[in-house]
Amino acid sequence: MPLVSNKVVTIERHIIEQQERSNGATGDFSSLLRDLTLAFKIINREVMQAGLVDALGATGTENIQGELVQKLDAFADTVIFRAMDHGGHLCAMASEENENILPIPKQYRCGKYVLLFDPLDGSSNIDVNVSIGTIFSILRRITPEDIPGEMEDFLQPGYKQIAAGYTIYGPSTMLVYTAGRGVYGFTYDPSVGEFILSHDDIRIPERGSIYSVNEGNYHKWDRQMQNYIDWAKSDIPEEDKKAYSLRYIGSMVADVHRTLLYGGVFLYPADIKSYKGKLRLLYEANPMSFVVEQAGGAAHDGKQRVLEIIPEKLHQRTPLIVGSPKNVEEVERFLNAG
Ligand code: P6P
């Protein structure tokens, strides 16, 4: 994946160039993504000040409702909703923070897309200054365009996604997205308030030597998963395999972002306690799987391709094995062994 060196391209410019390449694309989708990046800039500002709010005592910032700063994930949820509800591109939204789908306020025009998002995944890590992120997924509505969005607009398999991506708030803030024509990374420059193209056409390595999983759950996994983990961390001379390294941040956006750039595999398997896994299908596993597949990787739930799961519930969970194609194949080999 070439780092961009000879031109300064903002995400807005990039989206327009992508739109010009896709025949028949309306400006609709481009301005939807532009509205989203505004929300990410506002969230970034608050996340980067989070530590200071305590240090500065009661001088916490006011949020967009004029109330004293809420919990950061509730704040992020509100910011995204309010940035996206009036653009005329969406007919409804869904967020991890809200049980039901979120209708577009009556005073605004309904559009032809639905947006699903996890406003601030891994937010429990904010207190220890670990990277966290926003994950988003965009689908085209399937109900008639003259009525408000409905639940069935959201319960579509992941391969129907129009676009998906994440913003990681870390040592630098990066937005990574795909619209089905490759994966692109933009690094935020707060001095000019722009996301600048820094990772053009990201491709995940065919194989990596990092596995990423919470080994504290080892005793809860089935035997096949335990066998894979035992194999992954062993030198296997007869297979000419060196032990893989374990890297686990406990923030999905950070773990998957590292996997995307360095290769390897991120796993959140089912276990005897969470037999469906922990991660949410529609606004965590699907968007991350779409990004990784578009970068040449793979994403399975242990039985099938994640993007082919037919959703039944808005907040349903799924096991997730996502990363370099060869590494995902290795996991599958163990899971399918007798
Ligand atoms: P565990 C964060 O709470 C999160 O939802 C994901 O970001 C992360 O991958 C996972 O949970 C970590 O879960 O059980 O390993 O702490």
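Because the structure is a prediction, the values reported are computed rather than measured.

In this section: the overall build of the chain. Along its length, the chain carries 8 helices and 13 strands. At 20 Å, the chain has a C-alpha radius of gyration in line with the 20 Å of a compact globule built from 338 residues. Taken over the C-alpha atoms alone, the chain extends approximately 65 × 50 × 45 Å along its principal axes. Counting every position in the chain, which comprises 338 residues, the buried fraction comes to 56%. By sequence separation, contacts in the chain at least 24 residues apart represent 63% of the contacts at least 6 residues apart.

A separate point is the environment of Lys326. Mapped onto the fold, Lys326 is located in helix 8 (residues 325-335). You can call Lys326 partly exposed: its relative accessible area is 31%. Setting aside its immediate chain neighbours within four residues, Lys326 contacts Glu206 and Arg207.

Moving on, we come to helix 1 (residues 11-21). All of the buried residues in helix 1 are Ile11, Glu12, His14, Ile15 and Gln18. Take helix 1 and look down its axis: the buried residues cluster within an arc of 160 degrees, on one side only.

Let's shift gears to the domain arrangement of the chain. Once the domains are mapped, the chain shows domain 1 (11-199) and domain 2 (210-335). Distance from the C-alpha centre of domain 1 to the C-alpha centre of domain 2: 25 Å. Residue-level contacts link 43 residues of domain 1 with 30 residues of domain 2. Interface area, domain 1 with domain 2, both sides summed: about 2600 Å², of which 69% is carbon and sulfur. Its largest share of buried area at the contact with domain 2, domain 1 owes to Ile135, Leu155 and Tyr166, together 21% of the area lost on that side. Put simply, domain 1 and domain 2 have 1 salt bridge between them. Linking Arg280 and Glu96 is a salt bridge whose minimum nitrogen-to-oxygen distance equals 4.0 Å. Where domain 1 packs against domain 2, one counts 10 residue pairs in polar contact (both at pLDDT 80 or more). Elements with a minimum of two residues in the side of domain 1 that touches domain 2: strand 1 (90-95), strand 3 (113-121), strand 4 (132-140), helix 4 (151-154), strand 5 (163-169) and strand 6 (173-178). When residues in the side of domain 1 that touches domain 2 are grouped by element, the largest group, 6 residues, is from strand 5.

Reading guide: rules and limits
- Residues numbered from 1 in each chain as written.
- Predicted model: local features only at pLDDT ≥ 70, side-chain atom pairs only at ≥ 80, totals over all residues.
- Heavy atoms only, no water.
- Helix = DSSP H or I, 4+ residues; strand = E, 2+ residues; numbered from the N terminus.
- Rg over C-alpha atoms; globule rule 2.2 N^0.38 Å.
- Buried < 20%, exposed > 50% of the residue type's maximum accessible area, 1.4 Å probe, protein only.
- Contact = heavy atoms within 4.5 Å.
- Arc of directions from axis to C-beta.
- Domains from an automatic or database assignment.
- Buried area = accessible area lost by both parts, 1.4 Å probe.
- Salt bridge = Lys/Arg side-chain N within 4 Å of Asp/Glu carboxyl O.
- Polar contact = N/O pair within 3.5 Å; in protein donor to acceptor, adjacent residues only side chain to side chain.

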